[in-house]
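Results of the structural survey
Next come the chains, spelled out residue by residue.
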Amino acid sequence: DDFHIGKAYGLEIYNPVDAAGRFIAEVEHFGGMNIFDANPKIVEFLDESGMLLHSEKYQHRYPHCWRCKNPVIFRATPQWFISMDEKFGVPASAGSDDKPLRAAALAEIGKVKWHPAWGEGRMANMFKGRPDWCVSRQRSWGVPIPVFYCCGCEETVADPKIVDHVADIFAKETADAWYARPESELLPEGFTCTKCGGSDFRKETDILDVWFDSGSSCVAVLETRGETLRFPADVYLEGGDQYRGWFNSSMSCGIAAHGSAPYRQVITHGWVVDGEGKKQSKSLGNVTAPQEIIDKSGAEILRLWAAAVDYTEDVRCSDEILSRVVDAYRKMRNTLRYALGNLDGFDPAADSVAEAEMLEIDRWALASLEIVAAKVLKGYTDYDFQAAYGALYNFCTVTLSARYFDIIKDRLYIFAPRSIERRSAQTALYGIADSLCRLMAPLLAFTSDEAWENLPGEREASVHMAEFPAATRLDEAAESELLSRWERIFAIRDEVLKALEAARNEKQIGSSLEAKVILTTDKPTTMFLMEHFTELRYIFIVSQVEVHEGEPFAVKIEKADGEKCERCWNYSTRVGEFENYPTVCERCSEALKEIETAAAA
Ligand SMILES: [Zn+2]
Ligand SMILES: [Zn+2]
Ligand SMILES: [Zn+2]
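A quick note: this is a predicted structure, and the numbers were derived from the prediction, not measured.

Some words on the packing of aromatic side chains
Inspection of every chain in the model, using the stated rule, returns 25 aromatic pairs. Ring geometry for Trp114 versus Tyr263: centroids 6.1 Å apart, planes at 75 degrees, classification edge-to-face. Taken as a pair, Trp114 in strand 4 (residues 113–115) and Tyr263 in strand 12 (residues 263–269) lie far apart in primary sequence, 149 residues in all. Neither Trp114 nor Tyr263 differs from the other in exposure class; each is buried. Measuring from centroid to centroid gives 5.9 Å for Tyr389 and Tyr393, while their planes differ by 15 degrees, and the two rings are stacked. One end of the pair, Tyr389, and the other, Tyr393, are both in helix 16 (residues 385–414), 4 residues apart, so they sit about a helical turn from each other.

Below, the structure written as structure tokens:
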């Protein structure tokens, strides 16, 4: 800051300390003295000269070396800079297309997609406020600054043609050629100083800032691997500290090389902290090492955890959190298992039921899948893996496990294998399993692939070679009507399940199939329920349902009428009516007839 103020007021740039930390010889009284040794002597000198008013010791912060903790001092020394506001030594002219670095970067930052969105403002502020980029470092080895000085007249040779010449040598011999070869072998043959005609040169000994190395990686990697990569990169992904580091230096290098940002999108993530939000450290013993998690629970669990957390902030990880992820994983895996288990013998090409002929609840399941697929794909597109995970998890646990699978179990086990009712459910299950494998593939790479291999029908060798499910339903109005109708049914079902639970607790019934549900409800709801009347007993998983118009809404549970069917455990007054199958209900009698006919054929 002293330097900038001095510069602003036209003061001479003055540095009285040499590279060894001693006052230079010209400094009166203290020349050659180490500055820390000189400090008390300066106080003494001021005192003796009668110029010291007061002196006392007090504690204050002081910059120090992060490694050896020694105090450091700031010296004004000649360095190489990349100018933020001048191009070829000329300040920015308004409206010019040929913008200097700062203006160009600010324009490019606006074109990049930032995840999370606040990244844009953070990056813009970095460029608005930053000083010129000091790219020289005084180290004995690194990527050299390819500049020469004329020994005759001290003219600096910083010519793009010379830089290219040196770069060609580096391409063959690496940058170590700078150290291995004399100046004469690094310069083009017969090169002479444009100012004095001399041919003796001295090479620069400073090296480049390592951020210049990483910043130029975008150009070095993306361009030299043109077969598989291209400039700009689709995504840069790193921790939030890289707004100052890699994102920043890459932006500058990208603009220098191509006049544009080196990335289309930038994603930043927080740090892993423990279950209480505390920083993980070995001494606290709260570190969750990725390899340990993989050894204990598998890579799927670690990946699923990473998807389940909000990575835009610091993310918590602990054994307890991981055990919840394991739980979620089991539920998602069981969903696939259930579907696969019920697709045994199903040939999608021959056995699928056309959508128009499917049972309404099966069409509802497929419409729900469509909604979930859209959410998951939007999550992936936005790099919002938490949203994708959440949509999949809810679909598996609520929509499928607690509702759909529960309800179709009866149909899958009881109806004749070739019946349209059973094949309708299988058609939906097949569509669900196929889509879920594709949608889960990025999060559950192995589990989804294993399920994929066990799905019936012709398919790619691996789910990772297959595409995401495409949106197939075009009639959005009909779809949303279907979904809201079933939301209404499930709301009533929730009330029925509560009443059944209460009846079970009071030992009035054991299994819900022992129950008859008597619903009393208003006229519109009665009309609505009558449209679905034949399905209601399956939706509620009871043997009989009655719907009566009346107020207020009530659910009454009674013992089901008739006898228990030996095959499906539903109660029916018709058990015993069928000569060939005296212990089963009318539904099972039909199914058994069909199964026997098929077996005889
Ligand atoms: Zn040090
Ligand atoms: Zn010269
Ligand atoms: Zn039965």
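More follows now that the structure is in view.
With respect to the sheet that holds strand 15 (residues 515–521)
As summarised here, the arrangement of the 3 strands in space is 16-15-17, forming an open sheet in which the pairing is mixed. At either margin of the open sheet sits one strand with a lone partner, and together these are strand 16 (544–549) and strand 17 (554–559). On average, each strand axis in the sheet is tilted by 20 degrees relative to the strand beside it, whichever way the strands run. Pairing analysis gives 6 bridges linking strand 15 to strand 17, with the strands arranged antiparallel. Within the sheet, the bridge partner assigned to Ala515 lies in strand 17 and is Lys559. Against the sheet, helix 19 (residues 476–505) makes contact with strand 15 and strand 17, and its axis sits at roughly 45 degrees relative to strand 17, the strand it touches most. Packing of helix 20 (residues 523–531) onto the sheet brings it into contact with strand 15 and strand 16, and relative to strand 16 it is tilted by some 150 degrees.

Topic: the coordination of the zinc ion (ligand 2)
With distances of 2.2 to 2.4 Å, the protein atoms coordinating the zinc ion (ligand 2) are Cys150 (SG), Cys153 (SG), Cys193 (SG) and Cys196 (SG). With 4 donor atoms in place around the zinc ion (ligand 2) and angles of 98 to 117 degrees between them, the coordination shape is tetrahedral. Sequence spacing of the donors to the zinc ion (ligand 2): C-x2-C-x39-C-x2-C. Placement of the pair is Cys150 in strand 7 (residues 148–150) and Cys196 in the loop between helix 7 (183–186) and strand 9 (201–203), with a sequence separation of 46 residues. Relative accessible area serves as the criterion here: at 0%, Cys150 is assigned to the buried category.

What counts, and where the lines are drawn
- In this convention, every chain numbers its residues from 1, walking through the sequence in written order.
- Chain labels run from A onward and ligand labels from 1 onward, assigned in the order the entries are written.
- Restriction of local features to residues with pLDDT of at least 70 applies here, the model being predicted, together with a cutoff of 80 or more for giving and counting side-chain atom pairs; totals for whole chains, interfaces and linings are based on all residues.
- For side-chain calculations, the full set of non-hydrogen atoms in the structure is used, while hydrogens and water are omitted.
- Stacked, tilted and edge-to-face are the three classes applied to pairs of Phe, Tyr and Trp rings, where Trp contributes its six-membered ring and a pair requires centres within 6.5 Å; stacked means planes under 30 degrees apart, edge-to-face means over 60, and tilted covers the rest.
- Segments assigned H or I by DSSP are reported as helices when at least four residues long, segments assigned E as strands when at least two residues long, and all are numbered from the N terminus.
- The classification of residues rests on relative accessible area computed with a 1.4 Å probe and restricted to protein chains. Under 20% of the type maximum is buried, over 50% is exposed, and intermediate values are partly exposed.
- Pairing between two strands requires that DSSP report at least two bridges joining them.
- Every angle, taken between N-to-C directions, lies between 0 and 180 degrees, and every axis is a line fitted to C-alpha atoms, over only the stretch in contact when it is a helix.
- Residues count as neighbours in contact if any of their non-hydrogen atoms are within 4.5 Å of one another.
- Each metal's donors are the N, O and S atoms within 2.8 Å of it, or within 3.2 Å when it is Na, K or Ca, and because water is not part of the set, sites may look incomplete.
- Metal sites are grouped by the angles between bound donors: all angles between 85 and 135 degrees with four donors is tetrahedral, opposite donors over 155 degrees apart with the others between 65 and 115 is square planar for four donors and octahedral for six, and any other pattern is irregular.

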